[in-house]
Amino acid sequence: YERKLSSVFRLFDSSKTEENLSTSGRIIVEQYIIDLFCALNCSHKVCMKNVLKLDFNTPIEYLVVEILFGQIFELPNPPYKQLYYEVLIVDGHKTSKSFSNALTEAIQIIFSRLNELDTECFDR
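Residues numbered from 1 in each chain as written. Predicted model: local features only at pLDDT ≥ 70, side-chain atom pairs only at ≥ 80, totals over all residues. Heavy atoms only, no water.

Colleague: Looking at this structure, I do not really get the overall build of the protein. What am I missing?
Modeller: In terms of regular secondary structure, the protein is built from six helices and zero strands. Reading the helices (α) and strands (β) of the protein from amino to carboxyl end gives α-α-α-α-α-α. For the protein, the C-alpha radius of gyration of 14 Å lies close to 14 Å, the compact-globule estimate for 124 residues. Counting only residues that meet the buried cut, the protein has 38% of its 124 residues in that class. Total accessible area on the protein stands at roughly 7,700 Å², and carbon and sulfur atoms take up 55% of it. Computed over 13 positive and 17 negative side-chain charges, the inter-centroid distance for the protein is 7 Å. (Helix = DSSP H or I, 4+ residues; strand = E, 2+ residues; numbered from the N terminus. Rg over C-alpha atoms; globule rule 2.2 N^0.38 Å. Buried < 20%, exposed > 50% of the residue type's maximum accessible area, 1.4 Å probe, protein only. Areas by Shrake-Rupley, 256 points an atom, 1.4 Å probe, with all protein chains shown as cover. Lys, Arg positive; Asp, Glu negative; His and termini not counted. Charge placed at Lys NZ, Arg CZ, Asp CG, Glu CD.)

Colleague: It is not clear to me how the pattern of salt bridges should be interpreted in this structure. Could you clarify?
Modeller: Side-chain pairing between opposite charges can occur once the charged atoms of the two side chains come close. Inspection of every chain in the model, using the stated rule, returns two salt bridges. As a salt-bridge pair, E30 and R26 come within 3.2 Å of each other at their nearest N and O atoms. Residue E30 and its partner R26 are both found in helix α2 (residues 23-39); the two are separated by four residues, about one turn of the helix. Taking relative accessible area as the criterion, E30 reaches 18% and is therefore assigned buried. (Salt bridge = Lys/Arg side-chain N within 4 Å of Asp/Glu carboxyl O.)

Colleague: Is there a simple way to think about the nonpolar core in this case?
Modeller: Buried together is how nonpolar side chains tend to be arranged in soluble globular proteins. Counting residues in each nonpolar core, the largest one holds 32 residues, and the members touching the most others are I33, F37, V64, V65, L68, F69 and F99. Residue assignment for this core shows that the elements contributing at least two residues are α2, α3 (44-52), α4 (60-72), α5 (82-95) and α6 (97-112). Looking at this core, the element that brings in the most residues is α4, giving nine residues. Non-local contacts of F99, meaning those with residues more than four positions away in its chain, are made with M48, L52, E61, V64, V65, L68, I89, G92 and H93. (Core = buried A, V, L, I, M, F, W, Y, C linked by side-chain atoms within 4.5 Å. Contact = heavy atoms within 4.5 Å.)

Colleague: Where do I start with the packing of α2 against α4 in this structure?
Modeller: Two packed helices can be described by the angle between their axes and the distance between those axes. Here α2 crosses α4 at 65°, and the two axes come no closer than 11 Å. In terms of crossing hand, the pair formed by α2 and α4 is right-handed. Residues R26, V29, E30, I33, I34 and F37 of α2 form the contact with α4, whose own contacting residues are I60, L63, V64, E66, I67, L68 and Q71. The residue inventory of the contact of α2 with α4, partitioned by class, reads nine nonpolar, one polar and three charged. (Axes fitted to C-alpha atoms, helices over the stretch in contact; angles between N-to-C directions. Left-handed = near helix turned anticlockwise from the far one by under 90°. Nonpolar A, V, L, I, M, F, W, Y, C, P; charged D, E, K, R; others polar.)

Colleague: How should α4 be read in this particular structure?
Modeller: In an α-helix, one turn spans 3.6 residues, which is why side chains three or four residues apart end up on the same side. Between its terminal C-alpha atoms α4 stretches 18 Å, which fits the 18 Å expected from 13 residues at 1.5 Å a residue. Judged by how many residues are buried, α4 sits mostly within the fold: 13 of 13 residues are covered. (Expected span 1.5 Å × (residues − 1).)

Colleague: I'm lost on the environment of I67 in this one. Help?
Modeller: Topologically, I67 is positioned in helix α4. Once the C-alpha coordinates of I67 and I33 are considered, the two residues, 34 residues apart in sequence, prove to be 8.2 Å apart. Sequence-distant contacts of I67, defined by excluding residues within four places in its chain, comprise E30, I33, I34 and F37.

Colleague: Could you clarify how one ought to interpret a nonpolar patch on the surface in this entry?
Modeller: A cluster of nonpolar side chains, namely I107, F111 and L114, defines an oily patch on the protein surface of about 270 Å² accessible area. Summarising the element assignment, F111 is placed in helix α6. (Patch = residues over 30% accessible without salt bridge, like charges linked within 9 Å, V, L, I, M, F, W, Y side chains within 5 Å.)

What follows is the structure in structure tokens.
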């Protein structure tokens, strides 16, 4: 299948997302999670449950939140409908307390950086 190059999207300090990962390891884990979003897009509950069960010797929740928002803010359009990401976020919130904490922190960071956000992303 066709794979396009994408820009790097980072919300959190690397100590939260790359605790026990090298830079190349992080790229591999990130692409694996994106591939799971693609492969399991027909069942969002199974998708988020499996993603949050991954064990890479690092807290996965911050990385998943960062990937989700990176996909949502991808220009010109996200790979999937926005509803898919919203449902994944809700499922993650229901499934994991640490995911909820990461999500809360991400939302605070996004709102604090609104003046730096591309105007095309405001509606998302």
